[in-house]
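# Observations on the model geometry
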Amino acid sequence: MRIDHLEMRWVRLPLVAPFRTSFGTSYDRDTFLVRVVTDEGVEGWSECGAEPEPLYSSEFLAGAELVLRDHLMPRLVALGDRLAAHLVQPTLAPVTGHPMAKHVLETAILDAQLRATGLGFADHLGSVRDRVPAGVSVGIMDEIDELVAAVGGYLEQGYVRIKLKIEPGWDLEPVRVIRETYGDIPLQVDANAAYTLLDAQHLARLDEFDLLLIEQPLPEDDMRGHAELARRIRTPVCLDESITSARDAATAIVLGAAAIINIKPSRVGGYLESRRIHDVAHAHGIPVWCGGMLETGIGRAPNLALAALPGFTLPGDTSASDRYYRTDLTEPFVLEDGHVRVPTGPGTGVDVLPDVLEDVTISTSTIPWRA
Ligand code: OSB
Ligand code: MG
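Predicted model, so just to flag it, every value in this text is computed and none were measured.

Basis of the calculations
Here the residue index of a chain counts from 1 through its sequence in written order. Chain letters start at A and ligand numbers start at 1, both assigned in the order the entries are written. Confidence filtering applies because this is a predicted model: local features only for residues at pLDDT of at least 70, side-chain atom pairs given and counted only at 80 or more, and all residues used for totals across whole chains, interfaces and linings. The side-chain values count all of the structure's non-hydrogen atoms but skip hydrogen atoms and water molecules. In short, DSSP must find at least two bridges between two strands for them to pair. A run of H or I in DSSP counts as a helix once it spans at least four residues, and a run of E counts as a strand once it spans at least two, with each numbered from the N terminus. Put simply, buried Ala, Val, Leu, Ile, Met, Phe, Trp, Tyr and Cys residues joined by side-chain atoms within 4.5 Å make one nonpolar core. Three exposure classes are used, based on accessible area relative to the maximum for each residue type with a 1.4 Å probe and protein chains only: buried under 20%, partly exposed in between, and exposed over 50%. What marks off one domain from the next here is an automatic or database domain assignment. Residue contacts follow a heavy-atom distance rule, with two residues in contact if any of their heavy atoms lie within 4.5 Å. Residues are counted as near a molecule or strand when any one of their heavy atoms sits within 4 Å of it. A 3.5 Å cut-off defines polar contacts: any pair of N or O atoms within that distance qualifies, except that in protein one atom must be a possible hydrogen donor and the other a possible acceptor, and neighbouring residues in sequence count only when both atoms are side-chain atoms. For Na, K and Ca the donor cut-off is 3.2 Å, while for other metals it is 2.8 Å, and in both cases only N, O and S atoms qualify; water is not among them, so sites may look incomplete. Interaxial angle, 0 to 180 degrees, is taken between N-to-C directions of lines fitted to C-alpha atoms, where a helix line uses only the stretch in contact. In this description, buried area is defined as the sum, over both parts, of the accessible area (probe of 1.4 Å) that is lost when the two are combined. Only one rule defines a salt bridge in this text: a Lys or Arg side-chain nitrogen within 4 Å of an Asp or Glu carboxyl oxygen.

## Some points on the sheet that holds strand β10 (residues 260-263)
- Within the open sheet, the 7 strands sit side by side as β5-β6-β7-β8-β9-β10-β11. Their pairing is parallel. Each end of this open sheet is capped by a strand with a single partner; those strands are β5 (135-138) and β11 (288-290).
- Pairing geometry for strand β7 (residues 187-190) and strand β8 (residues 214-215), over 2 bridges, is parallel. Considered in β8, the bridge of valine 189 is made with isoleucine 214.

Encoded structure:
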């Protein structure tokens, strides 16, 4: 495959409501999109999973842009005609870290490659379902009443699983109230690394609420701590931030640090590594589910394809477009009976709506694909 040029487009989309986690509050989705154009005029699109600040992980948008332009792209350009999606990861392997920058590049190239051949992400990855059950991630709020109303709204819309963001001071009480108000719904929590092993006894008090899982209670680099915590609480421990590769997944599973894994393609460097993590987990009988970074339709479409693989046995944070945006960058994904349909067209199967894109664009730059 030959690429002619790469376009980077910074966008800002207002969120329908502020989204608060233990590491901060987002009012907008700020990101950049990558569009590659082949010498035959085929386009490939992707969306960077990074956020403006390095709070969720060490990556951040401006850093991802710089790494992509100065350190990743030149290595791919050097491949010449041999460029293909499966060579992106090995070619970029000498650059340590930066999975989100690698993800956005690999995904755009994979999209272009698949569009050129007419194959969709779902078929390419090995998906087995045409729709996937949708959960929703509910942020930290100022008042419990607000949370109860928000969760009630999502349940009414049909979401089949609720995830509550927690942090010290916002954990037992909100979980208790949601359980008491809504009964036996599939419920889980996500701490985004806000606790330490010293909180094990406190976290054990969540046991009585029969949660599906607790996601990333401890810091990203505390694999041993998660294994120890898993021995001290009954709620299954799920890892998000700690898993950036199939090798991490193998380590976590063998140590007993992860009973469940959240796979986010951006966090792990792309869809091909995502599938490898799925395969490792599936072989060990460890369920996985698809996480998200508040993606627009551009990033959501391939996430849905991934979420349709056989080992994705828990509902993902693959919500409908209107959970995030009043106007999405693609035709909106909608909730149908608690599920979202997996796109089937070539590549990601979705197209960017040019007028919407124009409205949300902050800046655009074009980089020729030449040494
Ligand atoms: O930890 O899963 C997370 C959003 C931004 C950063 C981290 C996380 C999240 C979410 C939202 O929980 C998931 C989504 O609906 O896209
Ligand atoms: Mg998480």
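## Focus on the nonpolar core
- Counting residues in hydrophobic clusters, the biggest one holds 107 residues, and the most contacted among them are Leu6, Phe32, Leu164, Leu206 and Ile261.
- Both of domain 1 (3-118 + 353-368) and domain 2 (123-341) provide at least three residues apiece to this core.
- Here leucine 206 is in contact with Ile166, Asp171, Leu172, Val175, Val189, Leu211, Ile214 and Thr235, once residues within four sequence places are set aside.
- Core analysis: the second largest hydrophobic core is formed by 15 residues, Phe19, Tyr325, Val352 and Val356 among them.

## Focus: the site of ligand 1
- Taken together, 17 residues lie around ligand 1, and Ser137, Asn192, Lys264, Leu294 and Tyr324 are the ones closest in.
- Between serine 137 and ligand 1, the recorded distance is 2.9 Å, taken from a side-chain N or O atom to an oxygen atom.
- One of the side-chain N or O atoms of lysine 264 is found 3.0 Å from an oxygen atom in ligand 1.
- A domain split of the shell around ligand 1 shows at least three residues from each of domain 1 (3-118 + 353-368) and domain 2 (123-341).

## Quick word on the coordination of the magnesium ion (ligand 2)
- Each protein donor to the magnesium ion (ligand 2) is listed here as Asp190 (OD), Glu215 (OE) and Asp240 (OD); together their distances run 2.0 to 2.3 Å.
- Along the chain, the residues donating to the magnesium ion (ligand 2) fall in the pattern D-x24-E-x24-D. Here aspartate 190 is found in strand β7, whereas its partner aspartate 240 is found in the loop between β9 (237-239) and α9 (246-255), with 50 residues between them in sequence. Per residue, the accessibility class of aspartate 190 equals that of aspartate 240, and both read buried.

## As for the sheet that holds strand β1 (residues 3-21)
- Here we have 4 strands laid out as an open sheet, ordered β3-β2-β1-β13, and antiparallel in their pairing. The sheet is open, and its two borders are formed by β3 (43-47) and β13 (361-368), each paired with just one other strand. Across the sheet, the mean angle separating the axes of adjacent strands is 20 degrees when strand polarity is ignored.
- Alignment of β1 against strand β2 (residues 24-38), held across 14 bridges, turns out to be antiparallel. Residue pairing for β2: proline 14 is matched across the bridge by aspartate 28.
- In this fold helix α3 (residues 99-117) packs onto β1, β2 and β3, with an angle of close to 150 degrees to the strand it touches most, β3.

## Some points on the domain arrangement of the chain
- If you check the domain split of the chain, you get domain 1 (3-118 + 353-368) and domain 2 (123-341).
- Taking only C-alpha atoms into account, the centre of domain 1 sits 23 Å from that of domain 2.
- Domain 1 puts 33 residues into the contact, and the matching count from domain 2 is 43 residues.
- Carbon and sulfur atoms make up 65% of the surface buried where domain 1 meets domain 2, a total of about 3,100 Å² over both sides.
- Inspection of the region where domain 1 meets domain 2 yields 2 salt bridges.
- The salt bridge involving arginine 20 is made with aspartate 142; its shortest N-O contact spans 3.3 Å.
- Counting across the domain 1 and domain 2 interface gives 16 residue pairs in polar contact (both at pLDDT 80 or more).
- Tallying contributions element by element places α3 first for the side of domain 1 that touches domain 2, with 8 residues.

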